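Inside the fold
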Amino acid sequence: VQLQASGGGLVQAGGSLKLSCAASGRTFSSYSMCWFRQAPGKEREFVAAIRRSGGMTYYADSVKGRFTISRDNAKNTVWLQMNSLKAEDTAVYYCAADPRPYSEKSLQSIYEYRYWGQGTQVTVSS
């Protein structure tokens, strides 16, 4: 599967952005999807994940209540709605996919995802 992330940009603190990740292929519904982010000088970290059917979602504590992950398997797309953005949300955001992860722990592990998008920059000005 090939992934194309988009929707990043510059926004003021308190604002909103919606990231999109479009996937190629006809088996999108069999992939768990995840968003990670990487700030300058920091390791890539988990942000949000959604299971294949979209029935379960998981979030990092730092974004819980502010970000929402969703997917439409008919459109081969996963989104990340980001509200109440903070300066510390500034990072390159990556979408990732893999059919393997299912448990809460595995869905949040960077090592479980073999397919990655190119990243989209999100900058939040304070």
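Structure report, in brief. What you see is a predicted model; the values in this text were computed from it and never measured. (Residues numbered from 1 in each chain as written. Predicted model: local features only at pLDDT ≥ 70, side-chain atom pairs only at ≥ 80, totals over all residues. Heavy atoms only, no water.)

Quick word on the sheet that holds strand 1 (residues 3-6)
Here we have four strands laid out as an open sheet, ordered 1-3-8-7, and antiparallel in their pairing. Two strands lie at the open edges of the sheet, namely strand 1 and strand 7 (67-72), each paired on one side alone. Each strand of the sheet is rotated relative to its neighbour by a mean of 15°, with strand direction disregarded. (Pairing = 2+ DSSP bridges. Helix = DSSP H or I, 4+ residues; strand = E, 2+ residues; numbered from the N terminus. Axes fitted to C-alpha atoms, helices over the stretch in contact; angles between N-to-C directions.)

As for the pairing of strand 1
Only one face of strand 1 is covered, namely the face carrying Leu3 and Ala5; the face carrying Gln4 and Ser6 is uncovered. In this structure, strand 1 lies alongside strand 3 (residues 17-23), joined through four bridges in antiparallel fashion. Counterpart to Ser6 in the pairing with strand 3 is Ser20. (Buried < 20%, exposed > 50% of the residue type's maximum accessible area, 1.4 Å probe, protein only.)

A look at the state of the cysteines
By the definition in use, this model includes one disulfide. You can see Cys34 has no disulfide; the closest cysteine sulfur is in Cys95, sitting 9.7 Å from it. (Disulfide = S-S within 2.5 Å.)

Describing the nonpolar core
The nonpolar side chains of soluble globular proteins are, as a tendency, buried together. Core analysis: the largest hydrophobic core is formed by 37 residues, its most contacted members being Met33, Trp35, Leu80, Met82 and Tyr93. Not counting residues up to four positions away in its chain, the partners in contact with Met33 are Leu3, Cys21, Phe28, Ala48, Ala49, Ile50, Ile69, Arg71, Val78, Ala96, Ala97 and Tyr113. (Core = buried A, V, L, I, M, F, W, Y, C linked by side-chain atoms within 4.5 Å. Contact = heavy atoms within 4.5 Å.)

Quick notes on the side chain of Ser32
With respect to the element layout, Ser32 can be found in strand 4 (residues 32-38). According to the relative accessible area criterion, Ser32 is buried, its value standing at 0%. At a separation of 2.7 Å, a polar atom in the side chain of Ser32 contacts the main-chain carbonyl oxygen of Pro101. Setting aside residues no more than four positions away along its own chain, Ser32 makes contact with Ile50, Arg51, Arg52, Arg71, Ala96, Ala97, Asp98, Pro99, Pro101, Leu107 and Tyr113. (Polar contact = N/O pair within 3.5 Å; in protein donor to acceptor, adjacent residues only side chain to side chain.)

Thoughts on the packing of aromatic side chains
Centre-to-centre distance and the angle between the planes together describe a pair of aromatic rings. Enumeration according to the criterion identifies five aromatic pairs in this entry. Measuring from centroid to centroid gives 6.1 Å for Phe36 and Phe46, while their planes differ by 75°, and the two rings are edge-to-face. Note that Phe36 is positioned in strand 4 and Phe46 in strand 5 (residues 45-50), a separation of 10 residues in sequence. Residue Phe36 is classed as buried on the basis of its relative accessible area, which comes to 1%. (Phe/Tyr/Trp six-rings, centres within 6.5 Å; stacked < 30°, edge-to-face > 60°.)

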